[in-house]
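Results of the structural survey
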Amino acid sequence: MSVLPIARMGAEVLKLRAAEVTEFKTPALQRFVSDMVDTMVDANGVGLAAPQVSQSQRIVIFFVPAARNEGVEFPLTVMINPVITPLDGAQEEAFEACLSVPGLTGRVMRFTHIKYSYQDIAGTTVAREAKGFHARVVQHECDHLDGILYPQRMANMSSLAFTDVIAAEAKAKGEQLELDEEG
Ligand code: NI
């Protein structure tokens, strides 16, 4: 098990369209995914895409914490070659953060209801539907596979902020800052 270094905004690998995975069930793939999990857990993220650990391949891992899914944790999912389809035009805006853009947060519009499909680590195709936070995480992580970081999705850059600054300001007002994503 290894914690891998996380590429930060500016790195070329984060700007590329990542390559499809064509070989499944290999020891190298198993080991790499296991290292991605170690890296995500170490960084306290809810998701991680392979380009964030400098591997330009279409692999994403994520989970949904219990607090964001009516008290029930949505378990760790490994998605290979994922494809997203919005199920309607509805979108909502919420704060996102990214392990490749440390310290910052900003409000991003995302589709609220999507379906997505992917191959699992054995190459079997899986299809799912997702709403809300779950849908947001999947969209954020899959953007990494197309070289897109969340600031590129922000309609209004005025909400881009240092997380500790707006968390302190929210606390002073007796509010709690809810970050919708860190991956
Ligand atoms: Ni990210």
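The structure reproduced in this document is the subject of the present report.

Rules of the game
- Residues numbered from 1 in each chain as written.
- Predicted model: local features only at pLDDT ≥ 70, side-chain atom pairs only at ≥ 80, totals over all residues.
- Heavy atoms only, no water.
- Core = buried A, V, L, I, M, F, W, Y, C linked by side-chain atoms within 4.5 Å.
- Buried < 20%, exposed > 50% of the residue type's maximum accessible area, 1.4 Å probe, protein only.
- Helix = DSSP H or I, 4+ residues; strand = E, 2+ residues; numbered from the N terminus.
- Contact = heavy atoms within 4.5 Å.
- 1 Å grid on protein atoms, 1.4 Å probe; cavity = no way out; pocket = protein on both sides within 12 Å on 5 of 7 lines; lining within 4 Å.
- Points joined across faces, edges and corners; volume = space filled by probe spheres on them.
- Nonpolar A, V, L, I, M, F, W, Y, C, P; charged D, E, K, R; others polar.

If you look at the biggest cluster of nonpolar residues, it comprises 33 residues, and the most contacted ones within it are M36, I59, F62, M79 and Y116. Elements with a contribution of two residues or more to this core: α1 (27–42), β1 (47–49), β2 (59–64), β3 (74–86), β6 (113–119) and α2 (132–144). Considering every element that reaches this core, the biggest residue donor is β2, with six residues. Setting aside chain neighbours within four positions, we find Y116 in contact with F62, M79, V83, I84, V126, A127, R128, A130, H134 and V138. Within the second largest apolar cluster, seven residues are counted, among which are C98, V101, L104 and V108.

Another point: the layout of surface pockets. When its volume is computed, the largest pocket comes out at roughly 300 Å³. Considering the residues around the largest pocket, the lining is formed by 14 residues, among which I84, R110, Q139, D143 and R153 are closest to the centre. At the level of secondary structure, the elements contributing two or more residues to the lining of the largest pocket comprise β3, β5 (104–111) and α2. In terms of residues, the lining of the largest pocket owes the most to one element, β3, which gives four residues. In terms of residue class, the lining of the largest pocket is made up of seven nonpolar, two polar and five charged.

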